[in-house]
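Summary of structural features
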Amino acid sequence: MHHVIVAHALLTNPATALARLVPVSRARYNSQQQFSTMRAMLLDVPRRPLRAADVPRPEPGPGQVLIAVNACGVCRTDLHIFDAELANPKLPLVLGHEIVGTVVATGPGAGRFARGERVGVPWLGWSCGECRYCRTARENLCDRARFTGYHIDGGYAEYAAVDARFAFQLPGEYADAAAAPLLCAGLIGYRSLVAASDAERLGLYGFGAAAHIVAQLARHQGRRVFAFTRAGDTDAQRFALELGAVWAGASDDRPPEPLDAAIIFAPVGSLVPMALRTVAKGGTVVCAGIHMSEIPAFPYDLLWGERVVRSVANLTRKDGEEFLALAPKAPVRTEIESYPLEHANEALGALRAGRVRGAAVLKI
Ligand SMILES: [Zn+2]
Ligand SMILES: [Zn+2]
């Protein structure tokens, strides 16, 4: 089972980026065909391995574009959905909310992108635009939000139909698979980093896809990164140091000096009091995951001194625009392990086991 291709996801040259703007006609796409099918990996019921299937290819509805998926990142959230830790997914479901694809058809009123354009599709697939959150620039908290690869079929498939208003243009510097992790690991990481405000000494708990991007951004901004991993995970600690962390250790280690903020990416509630112990007065602990095991009770002393514990939920389109402009400037380089679509279960297994260096990406 050696289908993992480790790639330092390098920046592509401008000629390649330009080539992507030229309209493509894929042999497997024919707009005249009314009953075309596509390959997809389906979640029929939670906790049962994804099933490879031929399913009807979606048609772009009003405001939607149909994209041929080129790459799709595999996120920790996909495992939470798989494990039924997030309630009421669409079923059967195509997981995947870090989609890089090429527009092959546009629905009525979806004029934002033209055929042949490359787009990125994130977790936020739709928001109502009317609720008190949407009206106050907090669409990430929309009461009726719908999420890609959860309420809407995602990118573990050859095609996806998505609302064009929530898709992004992608910086041309990144190859498709290299760009995929930007769309959740990068975006949520960026929002978490903003929530850490101007912290100079920044702790990152869990050094996976998001942390490996945030570490580079943080360093670019002149912060110092302290990386916490599972005890004994020297590979992850070395990886963190390679990406510019000034210190790396186990999650229950004390860093050499107090921190100004910490971001917890691992879905482990016991890290909250541990992180509070490492932050100085006035420091913030940001919980960046969508799900976390129970947080154990802890003495008030850990919170005293105006320490703050907060979560970061989802993303706004503004987050995406800001981050995607910043990433190539830093520059953020994503490190990926790629899998063919049919090996999505293996990719999820590797992620669960903590065996992925950087981000896992399906290449379609
Ligand atoms: Zn809303
Ligand atoms: Zn995600």
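See the structure above.
What counts, and at which threshold
- Residues numbered from 1 in each chain as written.
- Chains lettered and ligands numbered in written order.
- Predicted model: local features only at pLDDT ≥ 70, side-chain atom pairs only at ≥ 80, totals over all residues.
- Heavy atoms only, no water.
- Donors = N, O, S within 2.8 Å, 3.2 Å for Na, K, Ca; no water.
- Helix = DSSP H or I, 4+ residues; strand = E, 2+ residues; numbered from the N terminus.
- Buried < 20%, exposed > 50% of the residue type's maximum accessible area, 1.4 Å probe, protein only.
- Tetrahedral: all angles 85-135°; square planar, octahedral: opposite > 155°, others 65-115°.
- Expected span 1.5 Å × (residues − 1).
- 1 Å grid on protein atoms, 1.4 Å probe; cavity = no way out; pocket = protein on both sides within 12 Å on 5 of 7 lines; lining within 4 Å.
- Points joined across faces, edges and corners; volume = space filled by probe spheres on them.
- Nonpolar A, V, L, I, M, F, W, Y, C, P; charged D, E, K, R; others polar.
- Phe/Tyr/Trp six-rings, centres within 6.5 Å; stacked < 30°, edge-to-face > 60°.
- Lys NZ or Arg CZ within 6 Å of the ring centre and 35° of its normal.
- Pairing = 2+ DSSP bridges.
- Salt bridge = Lys/Arg side-chain N within 4 Å of Asp/Glu carboxyl O.
- Axes fitted to C-alpha atoms, helices over the stretch in contact; angles between N-to-C directions.
- Parallel < 35°, antiparallel > 145°, perpendicular 65-115°, else oblique.
- Contact = heavy atoms within 4.5 Å.
- Left-handed = near helix turned anticlockwise from the far one by under 90°.

Attention now moves to the coordination of the zinc ion (ligand 2). For the zinc ion (ligand 2), the full set of protein donor atoms is Cys75 (SG), His97 (NE2) and Cys184 (SG), at a range of 2.0 to 2.2 Å. Positions of the donor residues of the zinc ion (ligand 2), expressed as sequence spacing, correspond to C-x21-H-x86-C. A residue pair is termed long-range when its members are at least 10 positions apart, and cysteine 75 in the loop between β4 (64-74) and α2 (76-82) and cysteine 184 in the loop between α3 (176-179) and α4 (185-195) qualify at 109 residues. Of the residues examined, cysteine 75 reaches a relative accessible area of 12% and is grouped as buried.

On to the coordination of the zinc ion (ligand 1). Coordination of the zinc ion (ligand 1) by the protein is provided by Cys128 (SG), Cys131 (SG), Cys134 (SG) and Cys142 (SG), with metal-donor distances spanning 2.3 to 2.4 Å. Because the angles between the four donor atoms bound to the zinc ion (ligand 1) fall within 103 to 117 degrees, the donor set is best described as tetrahedral. Counting the intervening residues between successive donors of the zinc ion (ligand 1) yields the motif C-x2-C-x2-C-x7-C. As far as the burial class goes, cysteine 128 and cysteine 131 line up, both buried.

The next point concerns helix α5 (residues 209-220). If you check α5, its first and last C-alpha atoms are 17 Å apart, about what twelve residues at 1.5 Å a residue would give, namely 16 Å. Judged by how many residues are buried, α5 sits mostly within the fold: nine of twelve residues are covered. Of all the residues in α5, the buried ones are Ala210, Ala211, His212, Ile213, Val214, Ala215, Gln216, Leu217 and Ala218. Glycine 222 sits one or two positions beyond α5 and adopts a positive phi of about 85 degrees.

Moving on, we come to the layout of surface pockets. Of the voids in this model, the largest pocket is the one considered here, and its volume is about 1100 Å³. Along the wall of the largest pocket there are 48 residues; nearest its centre are Arg76, Gly208, Ala209, Phe265 and Ala266. Contributing elements (two or more residues each) for the lining of the largest pocket: α2, α4, α5, β12 (224-229), α6 (234-242), α7 (271-278) and α9 (344-352). When its residues are assigned to classes, the lining of the largest pocket shows 27 nonpolar, 13 polar and eight charged.

Let us look at the packing of aromatic side chains. Given two aromatic rings, one states the distance between the centres and the angle between the planes to describe the pair. Following the criterion strictly, the structure yields eight aromatic pairs and no others. With centroids separated by 5.9 Å and ring planes inclined at 35 degrees, the aromatic side chains of tyrosine 190 and phenylalanine 323 adopt a geometry described as tilted. Taken together, the positions of tyrosine 190 in helix α4 and phenylalanine 323 in helix α8 (residues 317-326) put the pair 133 residues apart, joining distant regions of the chain. On the basis of relative accessibility, which here comes to 9%, the residue tyrosine 190 falls in the buried class. Of note, arginine 132 hangs over the ring of tyrosine 133, and the distance from its end group to the ring centre comes to 5.5 Å. Positioned above the aromatic ring of phenylalanine 166 is the side chain of arginine 317, whose terminal nitrogen or guanidinium carbon lies 3.9 Å from the ring centre.

Residues in a regular strand project their side chains so that they alternate between the two faces of the sheet. Most of strand β5 (residues 99-106) sits inside the fold, with seven of its eight residues counted as buried. With seven bridges connecting them, β4 and β5 associate as antiparallel partners. Its bridge partner being in β5, leucine 66 is matched across the sheet by alanine 105. Bridge analysis of β5 against strand β6 (residues 118-121) gives four bridges, and the strand direction is antiparallel.

Here we come to the pattern of salt bridges. One pass over the full model with this rule turns up 19 salt bridges. The salt bridge involving aspartate 235 is made with arginine 238; its shortest N-O contact spans 3.5 Å. Of the two residues, aspartate 235 and arginine 238 are both situated in helix α6; the distance of three residues between them amounts to about one turn of the helix. Under the relative-accessibility criterion, arginine 238 is labelled partly exposed at 47%. As a salt-bridge pair, glutamate 335 and arginine 357 come within 2.6 Å of each other at their nearest N and O atoms. Here arginine 357 lies in the loop between α9 and β18 (359-363) and glutamate 335 lies in strand β17 (residues 335-340), a separation of 22 residues in the sequence. For glutamate 335, a relative accessible area of 9% translates into the label buried.

This paragraph deals with the environment of alanine 344. Looking at the secondary structure, you find alanine 344 in helix α9. Linking alanine 344 and alanine 280, residues 64 residues apart in sequence, is a C-alpha distance of 41 Å.

Packed helices, taken two at a time, are described by their axes: the angle between them and the distance between them. Packing of α4 against α8 brings their axes to within 9 Å, and their N-to-C directions diverge by 100 degrees. It follows from the interaxial angle that α4 and α8 lie roughly perpendicular. Seen from α4, the contacting residues are Gly186, Leu187, Tyr190 and Arg191; seen from α8, they are Asp319, Gly320, Glu322, Phe323 and Leu326. A class-by-class count of the residues in the contact of α4 with α8 yields four nonpolar, two polar and three charged.

Further remarks concern the packing of α4 against α5. Put simply, α4 and α5 touch, their axes get as near as 8 Å, and they point 55 degrees apart. Judged on the interaxial angle alone, α5 and α4 are oblique. You can see that α4 and α5 cross each other, and the crossing is right-handed. Across from Ala185, Gly186, Gly189, Tyr190 and Leu193 in α4, the residues of α5 making contact are Ala209, Ala210, Ile213, Val214, Leu217 and Ala218.

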